[in-house]
Amino acid sequence: MISYSEGDDKAFVLLKTSSAQSKPINPRFASFSYEQYWLTNMIGRYPDIKPGFLQIMKNLGQYAGANPAWRIGGDSTDNCWWDPTNATKPTGISYNIQPYDYITFNEMAKALDTHLILGVNFRNPESAAWALGEVEAIATTIGWDNVYAIEIGNEPDMYVDNKIRPVGFNATTYTEQFDAYYQAISSHLPSKPFIQGGTWCCSYDWSKVWQEYIGHEGASVLKTVSYHKYPIDACANHKPTLEDLMQDRATIGEAQGQARAIAYAHTLGIEYYMGEVNSVACGGRANVSDVFGATLWTLDYLLNFANVSADGMNFHQGGHYGGWGFDVNTSAPILKPPYYGFYMFDQAIQGGASMMPSITKNTTNPFIKTFAMLGSGTDKSVRVIIIHKDITTNQTAEVQIEIDDAANYEAVAAMYVLEAPSPYASTGISLAGQTFDGTKDGTVQGTRTPVKVQGSGPGVFMVIHRFCNYILQ
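Quick summary incoming for the structure in this document. Keep in mind the model is a prediction, meaning the values are calculated, not measured.

## Concerning the pattern of salt bridges
Part 1 of the argument: According to the stated counting rule, one finds ten salt bridges in the structure shown.
Part 2 of the argument: The salt bridge partner of Glu-107 is Lys-110, with a shortest N-O separation of 3.2 Å. Here Glu-107 and its partner Lys-110 are both found in helix α3 (residues 99-112), three residues apart, which amounts to about one turn of the helix.
Part 3 of the argument: For Glu-107, a relative accessible area of 18% translates into the label buried.
Part 4 of the argument: Residue class for Lys-110 comes out partly exposed when judged on its relative accessible area of 47%.
Part 5 of the argument: For Asp-248, the salt bridge is made with Lys-369, and the minimal N-O distance between the two is 2.8 Å. Residue Asp-248 is found in the loop between α8 (242-246) and α9 (252-267), and its partner Lys-369 is found in strand β18 (residues 368-374); the two are separated by 121 residues along the sequence.
Part 6 of the argument: It is possible to trace a salt-bridge network through shared partners that takes in Arg-71, Glu-151 and Glu-276.

The structure is reproduced here in structure tokens:
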């Protein structure tokens, strides 16, 4: 018998298995983004792609059912051009794309049986020549088999601030120039639609016409659309805290802000991606983006966007918010706290799970978050994810879970606990008894050991929750 102190937090969760579920979650929902001119430095240049990098991607794919996709772009999109002759760079161009860049990207995709989204330059308002040069180079250097879509430019709503366009450039002039670029490159693409549109991020004025832009281009041009979001930032000497990252506005608020546009794009047959995301803009922040609290945020962020039926999310890598690094002497992977968020999410969605309604009642702590998933096909397993995000307390939480059609379920569950010594820990993180601390090759260390939870009846469970996450199956 388990007893609880009067100070324990409490939450009651009712799972609505009889209600409508979302579509099955894309097995590549948790994917990645990286700057074009840095990727070969991070993964190695073909034929010397780091085995440890491939392994840490496969760790995720073995559960999700597909290895993560890669969007290659960011600020680098409008700072690069195709010029293997290394001619003098025009103003604004800082990197000459070489054949080995595209070859490395493609060989990485082949090794992981995944796909790429590649950005092309949108810097010149008068001519699409640089973008066309990149499209032609992709076609002749690697072909299109592993390319899912092309992005034209990056975060155009910031072009005036970044001095890429003059004052007066707005969503209307952007759309005109985007259409001109599309006309210039469309005949060189392998199929239509083949464009990931948008890549907007930050302007309130632009956001008011976001759906208008999607509708204007439509499914004949746009295969997908992409919006970029970082809930807080470390730009301009801002100093966000981990407490800031734990707030609802940094997770569910972000997802709800995109929900209407996601639904609208889907009515047009256009996929909707959060094409560049992470915890803190401008490279992350130490002791916020690189600690266990960021693991909790990563998982919460993914689940909230899955709840509003986004098609996927690309977590930008590098800086403090990167999910991994490599030992400079041995190239052994160093797995960082955000990676565990991806790892737990992909274990939860395995088998084509879909989000299902969960109603949290009578909670004494709003930082206790619950999500639920239902397996697909003949797999009717229910997966419950409990996230305790209150980093200001060490007290336990009593969480009771009930399933509305409990008679169809057994009175036993397996619990997978993701935990760490503290919210500010960067090591000592484990999931179901396994960790990546000390790995030499990117494989997980230790024996996977779920905890058996005996219910008080069919579909009725109680767990004691400290600062960690649970999956119950």
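Now that the structure has been shown, the text picks up again.
## Description of the state of the cysteines
Part 1 of the argument: By the definition in use, this model includes two disulfides.
Part 2 of the argument: With its sulfur 2.2 Å from that of its partner, Cys-201 forms a disulfide with Cys-202. Here Cys-201 and Cys-202 share a disulfide; its torsion about the S-S bond, -105°, makes the bridge left-handed.
Part 3 of the argument: On the basis of relative accessible area, Cys-202 is assigned to the partly exposed category, the value being 47%.
Part 4 of the argument: Two residues share a disulfide in this structure: Cys-235 and Cys-282, whose sulfurs sit 1.9 Å from each other. Here the S-S torsion is close to 95°, and the disulfide linking Cys-235 with Cys-282 is therefore right-handed. With Cys-235 in the loop between β10 (232-233) and α8 and Cys-282 in the loop between β12 (280-281) and α10 (292-307), this residue pair connects regions lying 47 residues apart in the sequence.
Part 5 of the argument: What links to what in the protein: the bonded cysteines, counted in sequence order, pair as 1-2, 3-4.

## Details of the packing of aromatic side chains
Part 1 of the argument: Scanning all chains against the criterion turns up 40 aromatic pairs.
Part 2 of the argument: Centre to centre, the rings of Tyr-37 and Trp-38 are 5.3 Å apart; their planes meet at 55°, and the pair counts as tilted.
Part 3 of the argument: Taking the relative accessible area as the measure of exposure, Tyr-37 reaches 17% and is therefore buried.
Part 4 of the argument: For the ring pair Tyr-340 and Phe-436, a centre distance of 5.7 Å and an interplane angle of 70° mean the geometry is edge-to-face. Residue Tyr-340 is located in helix α11 (residues 337-348), and its partner Phe-436 is located in the loop between β22 (430-431) and β23 (451-454); the two are separated by 96 residues in the primary sequence. Both residues of the pair, Tyr-340 and Phe-436, count as buried.
Part 5 of the argument: Between the NZ or CZ atom of Lys-50 and the centre of the ring of Phe-326, over which it lies, the distance is 4.3 Å.
Part 6 of the argument: Note that Arg-165 overlies the ring of Phe-169, its terminal NZ or CZ placed 5.3 Å from the centroid.

## Remarks on the side chain of Thr-114
Part 1 of the argument: Following the sequence through the fold, Thr-114 ends up in the loop between α3 and β6 (116-120).
Part 2 of the argument: A polar side-chain atom of Thr-114 sits 3.5 Å from the main-chain amide nitrogen of Ala-69.
Part 3 of the argument: Leave out the neighbours within four places in its chain, and Thr-114 touches Arg-28, Asn-67, Pro-68, Ala-69, Ala-109 and Asn-146.

How each quantity is defined
Residues numbered from 1 in each chain as written. Predicted model: local features only at pLDDT ≥ 70, side-chain atom pairs only at ≥ 80, totals over all residues. Heavy atoms only, no water. Salt bridge = Lys/Arg side-chain N within 4 Å of Asp/Glu carboxyl O. Helix = DSSP H or I, 4+ residues; strand = E, 2+ residues; numbered from the N terminus. Buried < 20%, exposed > 50% of the residue type's maximum accessible area, 1.4 Å probe, protein only. Disulfide = S-S within 2.5 Å. Phe/Tyr/Trp six-rings, centres within 6.5 Å; stacked < 30°, edge-to-face > 60°. Lys NZ or Arg CZ within 6 Å of the ring centre and 35° of its normal. Polar contact = N/O pair within 3.5 Å; in protein donor to acceptor, adjacent residues only side chain to side chain. Contact = heavy atoms within 4.5 Å.

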